[in-house]
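Next come the chains, spelled out residue by residue.
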Amino acid sequence: MQAPPEEDLPRHVAIIMDGNGRWAKRRGLPRIEGHRKGADSVRDVTRASRELGIQALTLYAFSSQNWDRPLEEVRMLMALLRDYLVDERAEILDNGIRLTTIGNIDRLPDFVREPLNALKDDSANNRGMTLCLALSYGGREAIVDATRNLVEQVMAGEIRTQDVNELSFAEALCTATLPPLDLVVRTSGEQRLSNFLLWEAAYAELYFTDTMWPDFKRADLMDAIAAYQNRERRFGLTSDQVKLRAIAPK
Ligand code: IPE
Ligand code: IPE
Ligand code: MG
């Protein structure tokens, strides 16, 4: 398969990995089998992203709202997450990938948090690609956290109220160290953000596919990137303005 032109590669791709349960149900399997298969897609898509030269890949693995699923499913998801961290550790380190997280990881059980923190620490200096796992993550919660962070800075006299602006807000968000979000992919035919990267997605391109996450592989990522490369990102301007800027960038 031909690699897409590098110059308009999205810097930061985020994926809502959805449809594991339906994938399993259609095959008469328990939901957990869909989640297990989904881990193979994570590996495939991470490898492909690294090879393509994408700077950051954020994967929505578990939302704040997913805690309300049946206890048995949550338990199995946590066990799978631990297996993933143990199984992928060597590959992540060998490929120079920096693992980070967004979300409230304090809520994760110790048997997940310990290998997670170890891998985050051990990969912190890697520069190959950032793999960011959204775990116990909610976009509204993240905005509230950033707001609280800024309010505390104002109260402590570190910044003034007038210093609260889009830039300082973005810096207070948990995604501050990631490149701007260019592309959001959602699998399984659903067309919603489900509380994912609400602030960051303001001008991201959205790509929806009917493919269920366990079936989403390297070729599907290439399709999403090709679709992205055919979009015209106007950021509020007219098409003519955008074309002029492409010729004579400001
Ligand atoms: C996505 O698949 C994985 C998680 C949310 C953890 P789902 O489990 O949501 O699968 P469907 O949407 O029920 O098919
Ligand atoms: C979003 O999928 C969360 C993850 C993929 C981790 P959900 O399946 O939880 O979202 P809804 O419930 O369909 O909105
Ligand atoms: Mg779902």
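Residues numbered from 1 in each chain as written. Chains lettered and ligands numbered in written order. Predicted model: local features only at pLDDT ≥ 70, side-chain atom pairs only at ≥ 80, totals over all residues. Heavy atoms only, no water.

**Here we look at the overall build of the chain**
Thinking step 1. Counting its regular elements, the chain contains 8 helices and 6 strands.
Thinking step 2. Scanning the chain from its N terminus toward the C terminus, one meets helices and strands in the order β-α-α-β-α-β-α-β-α-α-β-β-α-α.
Thinking step 3. A globule of 250 residues ought to have a C-alpha radius of gyration of about 18 Å, and the chain, at 19 Å, matches this closely.
Thinking step 4. Principal-axis analysis of the C-alpha atoms gives the chain an extent of 55 × 50 × 35 Å.
Thinking step 5. A total of 250 residues make up the chain; the buried ones form 45% of that total.
Thinking step 6. Residue pairs in contact within the chain that sit at least 24 positions apart in sequence constitute 76% of those at least 6 positions apart.
Thinking step 7. Summed over its atoms, the accessible surface of the chain is roughly 13,400 Å², and 49% of this surface lies on carbon and sulfur atoms.
Thinking step 8. Averaged over its 33 positive side-chain charges, the chain has a centre that lies 3 Å from the centre of its 38 negative ones. (Helix = DSSP H or I, 4+ residues; strand = E, 2+ residues; numbered from the N terminus. Rg over C-alpha atoms; globule rule 2.2 N^0.38 Å. Buried < 20%, exposed > 50% of the residue type's maximum accessible area, 1.4 Å probe, protein only. Contact = heavy atoms within 4.5 Å. Areas by Shrake-Rupley, 256 points an atom, 1.4 Å probe, with all protein chains shown as cover. Lys, Arg positive; Asp, Glu negative; His and termini not counted. Charge placed at Lys NZ, Arg CZ, Asp CG, Glu CD.)

**Some details on the site of ligand 2**
Thinking step 1. Close contacts around ligand 2 come from I16, M17, D18, Y60, A61, F62, N66, R69, R186, R192 and S194, and that covers them all.
Thinking step 2. Within the side chain of R192, a nitrogen or oxygen atom sits 2.7 Å from an oxygen atom of ligand 2.
Thinking step 3. Note that an oxygen atom of ligand 2 is positioned 2.6 Å from one of the side-chain N or O atoms of S194.
Thinking step 4. Considered on its own, ligand 2 offers 390 Å² of accessible surface; in the complex 77% of this is hidden by protein. (Near = heavy atom within 4 Å. Polar contact = N/O pair within 3.5 Å; in protein donor to acceptor, adjacent residues only side chain to side chain.)

**Some thoughts on the packing of helix α3 (residues 71–94) against helix α4 (residues 110–122)**
Thinking step 1. Relative orientation of the contacting elements α3 and α4 amounts to 20 degrees, with a least axis distance of 9 Å. When the axis of α3 is compared with that of α4, the two are roughly parallel. As for how α3 packs across α4, the hand of that crossing is left-handed. Mapping the contact onto sequence places M78, A79, L81, R82, L85, R89, I92 and L93 in α3 and F111, V112, P115, L116, A118, L119 and D122 in α4.
Thinking step 2. Taken together, the residues that form the contact of α3 with α4 break down as 12 nonpolar, no polar and 3 charged. (Axes fitted to C-alpha atoms, helices over the stretch in contact; angles between N-to-C directions. Parallel < 35°, antiparallel > 145°, perpendicular 65-115°, else oblique. Left-handed = near helix turned anticlockwise from the far one by under 90°. Nonpolar A, V, L, I, M, F, W, Y, C, P; charged D, E, K, R; others polar.)

**A few points about the site of ligand 1**
Thinking step 1. With respect to spatial proximity, the complete set of residues near ligand 1 consists of M17, D18, G19, N20, G21, R22, R31, H35, A61, N66, R69 and L77.
Thinking step 2. Within the side chain of R22, an N or O atom sits 2.7 Å from an oxygen atom of ligand 1.
Thinking step 3. Contact with the protein chains removes 86% of the 380 Å² of surface that ligand 1 exposes when unbound.
Thinking step 4. Comparing atom positions with the cavity grids shows ligand 1 to sit within the largest pocket.
Thinking step 5. Considering each element in turn, the shell around ligand 1 owes the most residues, 3 residues, to helix α1 (residues 20–26).
Thinking step 6. Here the shell around ligand 1 is composed, by residue class, of 3 nonpolar, 5 polar and 4 charged. (1 Å grid on protein atoms, 1.4 Å probe; cavity = no way out; pocket = protein on both sides within 12 Å on 5 of 7 lines; lining within 4 Å. Sits in = over half its atoms within 2 Å of the grid points.)

**Description of the side chain of S123**
Thinking step 1. Mapped onto the secondary structure, S123 falls in the loop between α4 and β4 (129–137).
Thinking step 2. Only 2.7 Å separates the side chain of S123 from the backbone oxygen of L119, close enough to count as a polar contact.
Thinking step 3. Aside from chain neighbours lying at most four places away, what touches S123 is L93, I97, R98 and L99.

**Re the pattern of salt bridges**
Thinking step 1. Inspection of every chain in the model, using the stated rule, returns 22 salt bridges.
Thinking step 2. Note that R69 and E73 form a salt bridge whose closest N and O atoms lie 2.9 Å from each other.
Thinking step 3. One network of salt bridges, in which partners are shared, links R11, D182, E205, R231 and R233. (Salt bridge = Lys/Arg side-chain N within 4 Å of Asp/Glu carboxyl O.)

**Digging into unusual backbone geometry**
Thinking step 1. The phi angle at N195 is positive, at roughly 65 degrees, despite the residue not being glycine.
Thinking step 2. Using a relative accessible area of 14% as the deciding quantity, one classes N195 as buried.
Thinking step 3. With phi around 45 degrees, L197 is a residue other than glycine that occupies positive phi space.
Thinking step 4. Along the chain, the position of L197 falls in the loop between β5 (183–186) and β6 (205–208).

**Some remarks on the packing of aromatic side chains**
Thinking step 1. On inspection of all chains with the given rule, the structure shows 7 aromatic pairs.
Thinking step 2. With centroids separated by 6.1 Å and ring planes inclined at 90 degrees, the aromatic side chains of Y137 and F196 adopt a geometry described as edge-to-face. A residue pair is termed long-range when its members are at least 10 positions apart, and Y137 in strand β4 and F196 in the loop between β5 and β6 qualify at 59 residues. The burial state of Y137 is the same as that of F196; both residues are buried. (Phe/Tyr/Trp six-rings, centres within 6.5 Å; stacked < 30°, edge-to-face > 60°.)

**Points about the environment of S136**
Thinking step 1. With respect to the helices and strands, the residue S136 is situated in strand β4.
Thinking step 2. S136 sits in the buried class, given a relative accessible area of 4%.
Thinking step 3. With 73 residues separating them in the primary sequence, S136 and S63 have C-alpha atoms 4.7 Å apart.
Thinking step 4. Setting aside anything within four residues of it in sequence, one finds S136 in contact with F62, S63, S64, W67, G103, N104 and R107.
Thinking step 5. Side chain to side chain, S136 and W67 meet in a polar contact 2.8 Å long.

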